[in-house]
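Below are the chains, spelled out letter by letter.
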Amino acid sequence: MKIFKDKHTLQKEILKTKGISFVPTMGGLHKGHISLIKKSKKFQFKTLVSIFVNPKQFNKKSDFRSYPRTTKTDLKKLKKLKINYLYIPSFKDIYGFKPKKKVFLDKFSEKLCGRFRRGHFEGVLNVVNRFLEIIKPKYIFLGKKDYQQLYLIKKHIEKRKIKSKIIECETIRENNGVAFSTRNSNLDKNQIKIASNIYYYLRKLKKKIKKNYNFFNLNKIKKDLKDLGVSKIDYLENYNTKNFKKIKRQGKKFNLFIAYYIKNVRLIDNI
Ligand code: PAF
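Presented here is a report on the structure given in the accompanying data block. (Residues numbered from 1 in each chain as written. Predicted model: local features only at pLDDT ≥ 70, side-chain atom pairs only at ≥ 80, totals over all residues. Heavy atoms only, no water.)

**Some words on the packing of aromatic side chains**
Going through the model one piece at a time under the given rule, you end up with 24 aromatic pairs. Seen from their ring centres, Tyr239 and Phe244 are 5.7 Å apart, and the 55 degrees between their planes marks the pair as tilted. Both residues of the pair, Tyr239 and Phe244, belong to the buried class. Site record: aromatic cluster; members linked through ring pairs are Phe22, Phe52, Tyr87, Phe91, Tyr95 and Phe131. (Phe/Tyr/Trp six-rings, centres within 6.5 Å; stacked < 30°, edge-to-face > 60°. Buried < 20%, exposed > 50% of the residue type's maximum accessible area, 1.4 Å probe, protein only.)

**Some points on unusual backbone geometry**
The backbone of Lys136 shows a phi angle near 45 degrees, a positive value even though the residue is not glycine. Relative to the assigned elements, Lys136 resides in the loop between helix H7 (120-135) and strand E5 (139-143). Assessed through its relative accessible area of 51%, Lys136 is described here as exposed. If you check the backbone angles, Lys263 has positive phi at about 55 degrees while not being a glycine. Mapped onto the secondary structure, Lys263 falls in the loop between strand E8 (255-262) and strand E9 (265-270). Judged by its relative accessible area of 63%, Lys263 is exposed. (Helix = DSSP H or I, 4+ residues; strand = E, 2+ residues; numbered from the N terminus.)

**Thoughts on the pattern of salt bridges**
Per the counting criterion, the structure on display carries 14 salt bridges. Note that Asp63 is salt-bridged to Arg117, the shortest N-O span being 3.6 Å. Here Arg117 lies in the loop between helix H6 (113-116) and H7 and Asp63 lies in helix H3 (residues 61-66), a separation of 54 residues in the sequence. The same class applies to Asp63 as to Arg117, namely buried. With a closest N to O distance of 2.9 Å, Asp63 and Arg183 form a salt bridge. Here Asp63 is found in helix H3, whereas its partner Arg183 is found in the loop between strand E6 (165-169) and helix H9 (189-211), with 120 residues between them in sequence. (Salt bridge = Lys/Arg side-chain N within 4 Å of Asp/Glu carboxyl O.)

**Section: the sheet that holds strand E3 (residues 46-51)**
Read from one edge of the open sheet, 6 strands run E1-E4-E3-E2-E5-E6, paired in parallel fashion. Only two strands of the sheet have a single partner each, and these edge strands are strand E1 (2-4) and E6. With direction set aside, neighbouring strand axes in the sheet form an average angle of 25 degrees. In this sheet, strand E4 (residues 85-87) lies alongside E3 in parallel orientation, the contact comprising 3 bridges. Directly across from Leu48, in E4, lies its bridge partner Tyr85. (Pairing = 2+ DSSP bridges. Axes fitted to C-alpha atoms, helices over the stretch in contact; angles between N-to-C directions.)

Printed below as a string of structure tokens:
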């Protein structure tokens, strides 16, 4: 595994290879990331993983500060996975140049997390746009857990005619149903149990709504979630994941999208 901290040295190395499969991360590597990396390794190109905790996508300084950083163990995991390249840039390496393409921010950025984390998606697209320009990957691997992020990156790539192809990867869950997330490390055992109960509650709820739309009764659902131990709910909404239209009757394909807090830890999921 070759490690790069500077984009010019990285580019010298990778632009002579046939192509790159790119897995962007903010570190705090867990089984979700590992599955993206394993998938990437099955493709014909060399795998490049980036670790960069992007300050521009945090709408609160305290959240940026408390975001888990586990570089030492991340390095061990990546070495074991035998990835080809690791890129750990500084802030200046990423933000010290003007990208050729402007960020395209689809209107869907105003929904769901966009309503509660002002500037979050601008920050995500800003950094991803820069990574795409530096690395010019053939493929970029993104998880469906952050479905809204995935959709917005897809729209940006389409609109700006960028040649990288997104490989959409399934959400990886613990045996107890909780989706792997770097933020889970801020939860204690009891809080993990709450997150697990919420997952099973939502799965059951989805089945009921499929049969009878009247079960999408937000007041009752919010009360149930609070009773299960949720401290605050940012949103609970249903969307068709292909076109991001809301469903209004039973029998339609949809996912339930949720962002909620257990104490001060914010979790998102879609089921
Ligand atoms: O999903 C993430 O970890 C981040 O939003 C990403 C795509 C690495 C951009 O910072």
